Amino acid sequence: MENKRAGSTEKAKVHEKPEGKITLSVIKADVGGYPGHVSVHPHLSTRAKKHLEDEKAKGFLIDYHVSSCGDDLELIMTHRHGIDSEMVHKLAWEVFLSCTDVAKGLKLYGAGQDMLADSFSGNVKGMGPGVAEMEFDERKSEPVIILMADKTAPSAWNLPLYKMFADPFNTAGLVIDKSMTDGFIFEVHDVKANKKIEFSCPEEIYALLAFIGSTSKYVIKSIRRKEDGLVGAVSSTQRLSFIAGKYVGKDDPVAIVRCQSGLPAVGEVLEAFTTPWIVSGWMRGSHNGPLMPVSQREANPTRFDGPPRVVALGFQVCNGHLHGPVDMFDDPSFDHVRDEANRMGHFLRKHGPFEPHRLPADDLEYTTMPEIMKKLEHRFEKIA
Ligand code: F6R
Ligand code: MG
Ligand code: MG
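From a predicted model like this one, the values you see are computed outputs, not experimental measurements. (Residues numbered from 1 in each chain as written. Chains lettered and ligands numbered in written order. Predicted model: local features only at pLDDT ≥ 70, side-chain atom pairs only at ≥ 80, totals over all residues. Heavy atoms only, no water.)

Digging into the coordination of the magnesium ion (ligand 2)
Four donors placed tetrahedrally about a metal ideally form angles of 109.5 degrees, and six donors placed octahedrally ideally form angles of 90 or 180 degrees. In the first shell of the magnesium ion (ligand 2), the protein supplies Asp30 (OD), His37 (ND1) and Asp71 (OD), at 2.0 to 2.2 Å from the metal. Read from N- to C-terminus, the donor residues coordinating the magnesium ion (ligand 2) fall into the pattern D-x6-H-x33-D. A gap of 4.7 Å separates the magnesium ion (ligand 2) and the magnesium ion (ligand 3), which Asp71 links by coordinating each metal. On the basis of relative accessibility, which here comes to 25%, the residue His37 falls in the partly exposed class. (Donors = N, O, S within 2.8 Å, 3.2 Å for Na, K, Ca; no water. Buried < 20%, exposed > 50% of the residue type's maximum accessible area, 1.4 Å probe, protein only.)

In structure tokens, the structure reads:
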């Protein structure tokens, strides 16, 4: 539908208001890197766009944006099929399969790496790809930020999400915006025991921190506003190694954060990344390193396959359509964070194979390390 604005010869596109709730789905997978595990080949993005464009033309999707962070291909989609929709997940699975064909044709590295199942069985969760989805009634204005990380694990969002939604030193709104002062409910998953728990903050921030500080086990899954239950953030939480039972690459998480009007402002969401905190991942999924906020152009982890990085894409959602993205860390005000991350990463690198740069022994259980242990096991003797 086109609309001629009064006093203007310009034609502005006005999106028709769809009925019901909007679902925003971010589904990602590493289906082949180039070179090695550094980035996504443009032919993969082109293939993914072609599929999603067809689905948009058919009306199955309202809108989409194909993106990447490091070697991860990211499908950002809006639709009206709800979260965990078998049809939407099947679509994502088929797009990744089709992109795997392209990757195999180009002999890209690790082609089909995250496609852990032989065939689709109703939901991509547990099959390899990462998923963050939320369903909502669009507000009068709906700013959202899509966070995409590479060379790290889902718990990389624990500290930034805590800062955004619970730390008044990060988020001024928690102190001076009355629609935020009641606080937020955090849903936390124990990814090893497959259990979940909720914390009501601010009253339970100590208890929350007691768990989410243990990043190899606990991951923030979602956050909602206490006042009215409005969903503020969701993240992807799957651990590929737990699914496959062995090291199969990193989980490179995504998250969706809604902003403004009683939720953290765009600037408060981004402020949470001004500490390049130490996350696990990096080379061979076996090292700790700083999470560096970068622009999309700089999301090519090259030094020691890293350091881990995060890209933030900003959109205004309008009747389900995605206006954007704005590349949020493409801003000189994050230069000093990147400098600090580089200094921290450089220092950690000097440790070579020593902890705390290398992950503690327990966390290496899901890397290629057990094979080395097995090989040498028979040479261990009891100390008298
Ligand atoms: C994997 C990753 C890389 C690889 C490393 C070794 O997500 O980021 O650091 O673990 O390049 O890869 P392989 O064992 O495939 O040679
Ligand atoms: Mg890879
Ligand atoms: Mg990756």
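Resuming the write-up.
Details of the coordination of the magnesium ion (ligand 3)
Within the protein, Asp71 (OD), Asp72 (OD), Asp150 (OD) and Asp252 (OD) serve as the donor atoms for the magnesium ion (ligand 3), at 2.0 to 2.3 Å. Sequence spacing among the residues donating to the magnesium ion (ligand 3) works out to D-D-x77-D-x101-D.

A closer look at helix 2 (residues 86-105)
Here helix 2 contains 20 residues, and its C-alpha end-to-end distance of 28 Å stays within 8% of the 28 Å for a straight helix at 1.5 Å per residue. Along helix 2, the positions that sit buried rather than exposed are Val88, His89, Leu91, Ala92, Trp93, Val95, Phe96, Ser98, Cys99, Thr100, Val102 and Ala103. Summarising the contacts, the buried residues of helix 2 are in contact with strand 3 (22-29), helix 1 (42-58), strand 5 (72-79) and strand 6 (130-136). (Helix = DSSP H or I, 4+ residues; strand = E, 2+ residues; numbered from the N terminus. Expected span 1.5 Å × (residues − 1). Contact = heavy atoms within 4.5 Å.)

Concerning the nonpolar core
Grouped together as the largest cluster of nonpolar side chains are 42 residues, with contacts concentrated most on Leu147, Leu161, Met164, Phe165, Phe186 and Phe273. With five residues, helix 3 (residues 158-166) is the single largest residue contributor to this core. Val31, Met77, Leu91 and Met127 belong to the second-largest nonpolar core, a separate cluster that totals 29 residues. (Core = buried A, V, L, I, M, F, W, Y, C linked by side-chain atoms within 4.5 Å.)

Points about the packing of aromatic side chains
Considering all chains together, one arrives at eight aromatic pairs under this definition. Considering the side-chain rings of Phe211 and Tyr218, the 5.0 Å spacing of their centres and the 85° angle between planes classify their relative orientation as edge-to-face. With relative accessibility at 30%, the residue Phe211 sits in the partly exposed group. For Tyr218, a relative accessible area of 14% puts it in the buried group. (Phe/Tyr/Trp six-rings, centres within 6.5 Å; stacked < 30°, edge-to-face > 60°.)

Thoughts on the domain arrangement of the chain
Here the chain is partitioned into domain 1 (19-137) and domain 2 (138-360). One C-alpha centre belongs to domain 1, the other to domain 2; they are set 21 Å apart. Each side of the interface is counted separately: domain 1 has 34 residues, and domain 2 has 42 residues. Where domain 1 packs against domain 2, one counts one salt bridge. For Lys151, the salt bridge is made with Asp71, and the minimal N-O distance between the two is 3.2 Å. Run the count over domain 1 and domain 2 and you get eleven residue pairs in polar contact (both at pLDDT 80 or more). Breaking the side of domain 1 that touches domain 2 down by element, the ones donating at least two residues are strand 3, strand 4 (63-69), strand 5 and strand 6. Considering every element that reaches the side of domain 1 that touches domain 2, the biggest residue donor is strand 6, with seven residues. A class-by-class count of the residues in the side of domain 1 that touches domain 2 yields 14 nonpolar, eleven polar and nine charged. (Domains from an automatic or database assignment. Salt bridge = Lys/Arg side-chain N within 4 Å of Asp/Glu carboxyl O. Polar contact = N/O pair within 3.5 Å; in protein donor to acceptor, adjacent residues only side chain to side chain. Nonpolar A, V, L, I, M, F, W, Y, C, P; charged D, E, K, R; others polar.)

Let's talk about the side chain of Glu55
Summarising the element assignment, Glu55 is placed in helix 1. In this structure Glu55 comes out as buried when scored by relative accessible area, which is 15%. Of note is the side chain of Glu55, whose polar atom sits 2.9 Å from the side chain of Lys58. Excluding its chain neighbours within four sequence positions, the residues that come into contact with Glu55 are Phe60, Leu61 and Leu91.

Observations regarding the packing of helix 1 against helix 2
Running from N to C, helix 1 and helix 2 cross one another at 145°; their axes reach a closest spacing of 9 Å. Crossing hand, helix 1 versus helix 2: right-handed. Each of His43, Leu44, Arg47, Ala48, His51, Leu52 and Glu55 in helix 1 lies in contact with helix 2, whose residues at this interface are Leu91, Val95, Ser98, Cys99, Val102 and Ala103. Looking at the contact of helix 1 with helix 2 residue by residue, the class counts come to eight nonpolar, three polar and two charged. (Axes fitted to C-alpha atoms, helices over the stretch in contact; angles between N-to-C directions. Left-handed = near helix turned anticlockwise from the far one by under 90°.)

Regarding the sheet that holds strand 4
Pairing in this open sheet of four strands is antiparallel, and the strands run 4-5-3-6 from one edge to the other. One side of each edge strand has no neighbouring strand; the edge strands of this open sheet are strand 4 and strand 6. Ignoring strand direction, the axes of neighbouring strands in this sheet form an average angle of 10°. Packing against the sheet, helix 1 makes contact with strand 4 and strand 5, and its axis sits at approximately 165° to strand 4. Strand contacts of helix 2: strand 3, strand 5 and strand 6, with the helix running at about 150° to strand 5, the strand carrying the most contacts. (Pairing = 2+ DSSP bridges.)

Details of the pattern of salt bridges
The tally for this structure, following the rule as stated, stands at 15 salt bridges. A salt bridge links Glu55 to Lys58, with the nearest nitrogen and oxygen atoms 2.9 Å apart. Taken together, the residues span about one helical turn, with Glu55 and Lys58 both in helix 1 at a distance of three residues. With a relative accessible area of 62%, Lys58 lands in the exposed category. Measuring nitrogen to oxygen at the nearest pair gives 2.9 Å for the salt bridge that ties Arg258 to Glu142. Of this pair, Arg258 sits in strand 12 (residues 254-258) while Glu142 sits in strand 7 (residues 142-150), placing them 116 residues apart in sequence.

Concerning unusual backbone geometry
Here Tyr34 and Pro35 are connected by a cis peptide whose omega angle stands at -20°. Look at the link from Gly306 to Pro307: it is a cis peptide, with omega at -10°. With respect to the helices, strands and loops of the structure, Pro307 is situated in the loop between strand 15 (292-293) and strand 16 (309-318). One non-glycine residue with positive phi stands out, namely Lys151, at about 65°. As for its position among the elements, Lys151 is in the loop between strand 7 and helix 3. Look at Ser261: it is not a glycine, yet its phi comes out positive at around 45°.

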